[in-house]
Each structure stands twice: as C-alpha cells, then as structure tokens.
Amino acid sequence: MTSVLSTRRAGPRAVLAGLTALATLAAVSTPAHANRPVKPADRLVGETRSSADEPDEPEDTGGVKTFAAQLSQARMAPYGSVAPGEYSDALADLRGLPGTASPWQEVTNQPYDADDPRYRDPVYSNSGGGWGNVAGRVTGLAAGRGYVWAGGADGGVFRKSLTSGHATWKPISDRILALSTGDLVYDGHADTLWYATGEANTGGTTYTGAGVYRLRHPRTGSFTDADRVGGDELESRSINQLKFDGRGMVYAATTRGLWRHSTDPARHRQPWQLVLMPNPASDSDVTKPYDNIVNDVLIPPRDRGRTVLANAAWRSGAAYNGYYLSTAGGAPGTFARTPLTGLDDADVGNAEFAVSRDGGHFYLVQESPAGLAAGVSALKGVFTATDVRGPWTLVADSPELERSGSAIGADQDYPVGVQAWYNNFIEVDPSDARHFYVGLEEVYETEDGGATWKTIGPYWNFGFDCYDPALPDGGCPATTHPDQHSIAVSGGKLLVGDDGGVYTRPLAPARSSEDAAGHATDWTNQNAGLRTLQYYSVGTGRDPDRRGYTVAGGLQDNGGSLLRAGARKQVSPFGGDGGDIIVNPRNGCQILNEYTYLILWLTKNCGVSDGTTSAIFDVTVPDVNARFTAPFRVVRGSRNIGDGASERWVAGGNSFWRHDYGFSYTPAQAAADPSRGWKPQYTLDATGLRLIVGMDAVADPAAPADPARDTYIASWCGQTNCNSAGFTRGVATNWGGTWTELDLTGLPDRFPNNVVLDPYDRTNSTIYLVFNGFNRRFIEGPGAGVKHVYRGKLRKTASGVSVSWTDLSVGFPDVPATDVVVVGNRLVVSTDLGVLVADRRATAATVKWRRVGPPPGAKPWSLPLTAAFDLHVSQDGFLYAATHGRGIWRTPLALV
C-alpha cells in the first residue's frame, strides 16, 4: 500500500508518502542531497479519501469531508451475502465457456527497477530510494529446505530456490479457484505447503478467497482444486493467519470467524468447524460485514493445544474488539472474551502474535483504533509476556521505534505505525527468544528482548546523510520496500514480504551487518521474476527513439511503470501509487500519469532525468472530491487546440472536466494557471459526495477541434466513498445537447464500473455499461447473484432524453465486471476473473459470451485467474489487459 509523492517547495525537496487525503504538505530543511519524507496520515489501500468505516455511525449530511471525517464515516456499498459454493459455481461457469483462439502474452515479465538513475526526477520520482527491483504486494511468505514460496496479494503463489544461483520464480497456483493470498505456512516435517486464500487486509482492492489448500512436495508440485482442505465453508472469506496447535489441528483466522480443521490427510475432505463467531447474527446481515473479523491466534506449545487465544477486532473499533480465550482446546462454545493483564481492553485493534520455539515467551504487535481515529500513529505497541493472560509488558511504541533510525516520524506527519491496521508482523528467532522482528511501515529488530531497537529496513533512504542522487545507487545501502506484510525464517535467513516484494538477509546477528545508524547493509533483493505487479491501468504509444511501442501503467504501491521498446527491464519515471494513465499513441514518451485523487503528472520525454532537472510537471485537476483512482480519458477523434497533434482530455471527480490542450500543454502554461488548463463541464451534486467512476468522450468528426461539439458520458456512485448505507449510482451524459441523468430503473444497485459510447454508432446513441460489485472487494466476490453487462439506447423525447436498456448478462458468469471496450463487432469485458467477449450486436436472446483465450492455468498462454482492471486497444494490433496482481498481458486484436 505504499505510495510516495515528492513535491518541491522552496529550497529542499519535501516528500509526501500520499496514502492519504493529502491534507498536509510541509517542507523541512535538510542536508545536501537529503530528501526527507513529509507525509500526512495514511489512507486505506486502494480506496478514496473515505476510508476506515463503521456501518452504524450517523450519515454525514453534506459538504466535502475532511480526511478525519471521511476516515470515521465511510460506509459499505449495498451487497448481498455470498453463500458457500457460489464462488465455485461462478468460476465453473467461467471455465465452462467456450474460448477464443487468442493467446495471451505476458508483457511485464521483465524486472521492474525502481532505482534506475536515468529516471531520477528530483520531484516526482522515487529513484534512488534504495528499493531496487520491485514486485507487487506479498501477503504470504514461507520458506524451508532451500526454497521460498511467496504469495501475491492477488497474484497467487510463486516458488523459488534460495540455493541455486540461477533460480527463477515459478507460479504454482494458477489452476485453482483463487489467486488472492492470505497466508502461507510450510510444514518441513511433512514437506507440505499450506495456502490460505483471500487477502484479509480489508483494503479497497483486497479480494476474498476460496478456502485453504494443502500441497504435498511443494518444491516440485503445483496446486490443483483437489488440494482444497474441507469443502466450500471458507469461500468468500479472507484469511488473516493459519496457526497449528501441534496436536493435529489447524486454525484459520478469517474475516468471518475462527475456524479449525484436522491436519490429518485422511480427513482432508471433512468440513471446517466454526469455533468462534463474536456476532453470529451479523454473518448473514448484509449491513454488518465487519462484526466477526478474527486477526490471529496464539496457541502455547506447552499446553498441548488446550489453550487458544484469539484476537478479534475491526480496525476502527467495535463493541466486540478484544481477546477471546479458550482453555478447553478451542472447541466451539468455549471461547470467552478475556481482558489481558497489561493491555488496554478499551483500545484493542488488529493484533499479530508470535511464540518462541521453547514455548515460554510470547510476542504481540497491536493496533490502536483510537490512534487510527485520531489521525496519529495507529500502533498501540509491541508487547511481550510469559503467560498468555499476562502481564503483557510494553517493549516498544511509536516514539521508541522512531528513535531507532526510522526514516519516518511524527514530525513529518507520518508517525511509525500510522498503518498498523494494515501492515504488521512479528516473528522471533527460533534460536534466541530475545531476538525478534517487527514489521510495520519499516522493519525493526531487537536483540535484547526489546530493550533496544534498530530500523534494519527503513522506509527509504531519502533524508539520510549517505543519500546522493548523483550516485547510481543513491549512495546508501539497499533497503526494503515500505509496508511490511509477511515474514519467514529458514536456513539462517530472514525473509520479509512487503508492498514491493521479497527481501532477505542473514538471520544471526553475528552474520548480519548494519551501518552506524542501525540500517542493514546486507539486504538481498529477490524480486526479479516475481510477477505480482498490481496494475490499475495500461497505455501504449509508438516509441519515438526505438522501433516498437512503449507500454506504461499505473500501479498500486509502485508508481507508474514504463517499458521502452526492446528494453530488458521496466523503469519507474513516476513515484508513489499509480492510477489511471494516458499515453500518446503517436509518441509513447508523452505520458499523463495519475498519482492519486486526480493529481496528474505529465512528461514529454518518458520522464528521463539525471536528477538535476525535472522532466515532469503537475497538471492536477482542481476537483473537490475525486476518488483515489479517478478516471481520465482522451476525447476520441479530437484534436487539441495547441498544436493539434494529439487529442484533448477529460477527467472525472465530483465534476466532469475538460482539458483542451492535451499533450501540447507546457510547464509555462501550467505555472500561470491555477486550474492547470482544466475546465468544469458538469457537477454531479453540490455536496461533493458523488464521484465519477467511469467515463468516455467522443469528438464530432466534422469538428474535431471544437470542444463544444463533444459527446460526454460518465458513470458515478455516492455517497461517502460509494460505501454508504445511502448508496446511490447513476449515469450522466450531455448527449442531446444538455446534461441528463439517465433512468437506471431495473438495473443493479451496484458499482457502475465503466460506461462507453459505441464507436461504430455515428449518432453516439448506443452505450455500454458494466457493473462491479462494490467499492470494497473483500466484502464479497463472484457469486453474488448480480447482473453485470447492459447496452443502452438513447433517444430524444419532448421532455429530454430517454434510455432503453438491454440486459446482455445472459450467459455471463456471475463475476464482477471492471471495464468494457468495443473491438469491431466484438464487445470485450474484463472481470475479476479474466476477460470475456460477445457480439456487440447481440440481443438478450442471442448473446453468447466466450472466454478470451484458453482456460486459466491450462496453457502457458492462458491469462491468469486474477482481476483484470483495464483494457486498452492499442495501435500496435494488440488488446492489452492490466491485471491487479499479475502484471500486463496482451493478445492479438484479430483473434479476440
């Protein structure tokens, strides 16, 4: 969930790690070559400024929310409870569709170098920060017998040898129901890898799973559907942790209760047993999806499975938050909420446990809902105990860890633990109970039981005395990517998984090394070939300097990537999170990139900079309340009013905006215009609570340079982050000459993910609208019983504009849709589980959907079973799909 924006103020660079509402920007005085991070309180991953939510809070009555208000009052969109088995049925329907002959080719399988010195913009890039090659978010990590297994947030499990000098990562879960990762555990005695699906970070782009899988001999094998443990009981749930009691039981801490199952292979098919559900009635109550979240389990090894302690908590605070203790072997009905001595029972949030190998020492890192609500550090503290009931002793808090050599801090409005609800781990050295690690935004280590600490994996190297942008490596030792999620210890190595992939270093203090500040100098980057990048968008354009096309995209956690024609690696011209993107098809080095919230950055030379001058400038849309990843598009068939060599743009937040200059816009024009060239065309509502989700725009062929003759359309949602109890949605268009809200009677009350004008209808009266499920994907997944694809026909009437809708969802698997494009007579729709195609001229009675390409996992040229967020029809003859977990893929347009 890393997002880092740097912005120049008077004198030194101030840096904002913009995981937030961008409420505060501050500059600090720093030494030469020091880029000190300055960051406001964090946002929730993949969401708009409204973030942590509690469904029962009063509705805000209007006005644009401050970040704090949005943090406390976000809501969920309408959703239905997905029954066990529906997820499997939806996937079975998808697999059962006939496929086209289109082979998919992975485009972003080269290393992604975030530190390339040729792309070191002094304001907008994070090059030189020390992360090296990066991958997507790794939420599960296991190691043993010389191998490591990494689970991508929505990319599945990859395997790699740690002992072979030429080993590469190999995907081993592409043939099963879900690629979203909750946890990975390797049992070396049985040579078995346990895979818990469903990422449980409760962010906007975390997805539910299909249960737990068990793979024998994982050093050579791959997962199949037959490896699923139990039945469909854990479908449409997310799993925080798997923990074993050593007496034949494995516990799964899920977003919907605590479950357990026998580890006996002979009982593989027996159903999972529910042992703890804090609020049983809420599991079937569609208004209360956060009432039964279990985060972790602690089982003292010396108690032979009799004592089981669970942390159950919603990050923003809830009546059930607390610790639940069973002294009867974890059986159903034996858990009781139990205050633990030394802990504040009134402020219990998300917690993670660890236990020493001898079973005599326990460790805990805990989030504070009160801190989260206050917009300060969300870290309650790091605690140790010798009895699970306590007393628990505080050994570290946010100020203590900040003093340990951290690159972040409260003085930068970004204190240690600001994201403790989202990224946290704790693990102990199996050979030394006083030596343990904590992962938050950074990686921390203590060798004396918590008496002293050091930041062995700082957030980045900006601001440190060693940093020098003129040096290829930035001058400092390599560090880990920010935002830690998973950890493993094996073979004398420490392995951590974070928002940038996997990093390793020696475990034993006698073999590891740090500099005088306590920063590790011996991290090894393991990310080359770990293809788990989480894209929101993709764009292409002819490379002006090379033969072929550039491919650019916006990513969760890892900025904007760029693959030049013929290049052997990707680079990162834009830092921070990435969102939507526009690439000039005639000049692929002209790129408009979104940071967040319609903060847009423009480069005309691919972002090439040696760090002395900026190659990028700001063209932010002055909207009052855009979504975290808000849409912007070209006006198809238009000519800008500058040089006429590229198209004009539109963008959508609370208002629909137009930019007439496009890529002809200059830094001088931007500096002279506070609106950066953007002109409002239509505002959804006066409160600022309705937000554009999808949009399209077409110029009049008879007047391509006349913006007044453009046709616009936008789909939107509201209120309060599109998650509220008062959820609304709509489609607005200027078709017919005036802006009109179209009648959506009878259409799903869901998230209208995108809407497009049919490019082959010269009257622009034919539109296509696709529905996702909701803003927060972890609430439910495929199988919700919602239709997803519609064609609309616009007509003028005496009273304005009317629309008639045709349901094209017949035969469409019950899978949320994300994007729609028209390719000749083909209507192509991306979904949470792949890409589908049908004849755009079909009726509800004749429509026949096909899968684009072979079934997932069936062939090397199959598209992985992951969410495809964006489709792009490229002039190089390919259809590109940006997936949110397995990078960018393409297939020939002629074969779709």
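Look up: the structure comes first, before these words.
Asks: Explain unusual backbone geometry residue by residue, including any values.
Replies: Here the amide bond leading from Gly 390 into Pro 391 is cis, since omega sits at 5°, within 30 degrees of zero. Following the sequence through the fold, Pro 391 ends up in the loop between strand S23 (379-385) and strand S24 (393-396). Positive phi is not limited to glycine here, since Leu 598 has a value of about 65°. Even without being a glycine, Cys 606 presents a positive backbone phi close to 70°. If you trace the backbone, Cys 606 turns up in the loop between strand S39 (600-603) and strand S40 (616-618).

Asks: Talk me through the sheet that holds strand S54 (residues 826-831); I want residue IDs and the actual numbers.
Replies: Pairing in this open sheet of four strands is antiparallel, and the strands run S53-S54-S55-S56 from one edge to the other. In the strand order of this sheet, the two ends are held by strand S53 (817-823) and strand S56 (850-851), each with one partner. Two elements, S54 and strand S55 (residues 834-839), share six bridges in a ladder whose sense is antiparallel. Bridge assignment links Val 828 to a residue of S55, and that residue is Val 837.

Asks: Before we move on, can you summarise the packing of aromatic side chains with the specific residues and values?
Replies: For any pair of aromatic rings, the description consists of the separation of the ring centres together with the inter-plane angle of the planes. Applying the stated criterion across every chain, the model contains 29 aromatic pairs. Geometrically, the ring pair formed by Tyr 213 and Phe 223 is edge-to-face, given 6.5 Å between the ring centres and 80° between the ring planes. In this pair, Tyr 213 sits in strand S12 (residues 212-216) while Phe 223 sits in the loop between S12 and strand S13 (239-244), placing the two residues 10 residues apart along the sequence. Among the residues examined, Tyr 213 registers a relative accessible area of 0% and is labelled buried. Among the residues examined, Phe 223 registers a relative accessible area of 0% and is labelled buried. Consider the rings of Phe 436 and Trp 453, whose centres lie 5.5 Å apart with planes at 85°: the pair is edge-to-face. Of this pair, Phe 436 sits in strand S26 (residues 432-439) while Trp 453 sits in the loop between strand S27 (443-446) and strand S28 (454-457); the two residues are 17 residues apart in sequence, bridging distant segments of the chain. Assigned by exposure class, Phe 436 and Trp 453 land together as buried.

Asks: Please provide a residue-by-residue account of the state of the cysteines, values included.
Replies: A complete count under the given rule lists two disulfides for this structure. Each sulfur of the disulfide joining Cys 589 and Cys 606 lies 2.0 Å from the other. Between Cys 589 and Cys 606, the S-S dihedral sits near -85°, and the bridge is therefore left-handed. Remark: Cys 606 occurs in the loop between S39 and S40 and Cys 589 occurs in strand S38 (residues 587-594); sequence separation between them is 17 residues. Cys 589 sits in the buried class, given a relative accessible area of 2%.

Rules used throughout
Each chain carries its own residue numbering, running from 1 in the written order of its sequence. The predicted origin of the model limits local features to residues at a pLDDT of at least 70 and limits the giving and counting of side-chain atom pairs to 80 or more, whereas totals for whole chains, interfaces and linings rest on all residues. Only hydrogens and water are set aside; all other atoms, that is, all heavy atoms of the structure, feed into the side-chain values. We count a stretch as a helix when DSSP gives it H or I for four or more residues in a row; a strand needs E for two or more, and each element gets its number in order from the N terminus. In this scheme, strands are said to pair when DSSP sees at least two bridges between them. Here a pair means two rings of Phe, Tyr or Trp (six-membered ring of Trp) with centres within 6.5 Å. Their orientation is stacked below 30 degrees between planes, edge-to-face above 60, and tilted elsewhere. Any residue under 20% of the maximum accessible area for its type is buried, any over 50% is exposed, and the rest in between are partly exposed; the area is computed with a 1.4 Å probe on protein chains only. Any pair of cysteine sulfurs within 2.5 Å is marked as a disulfide.

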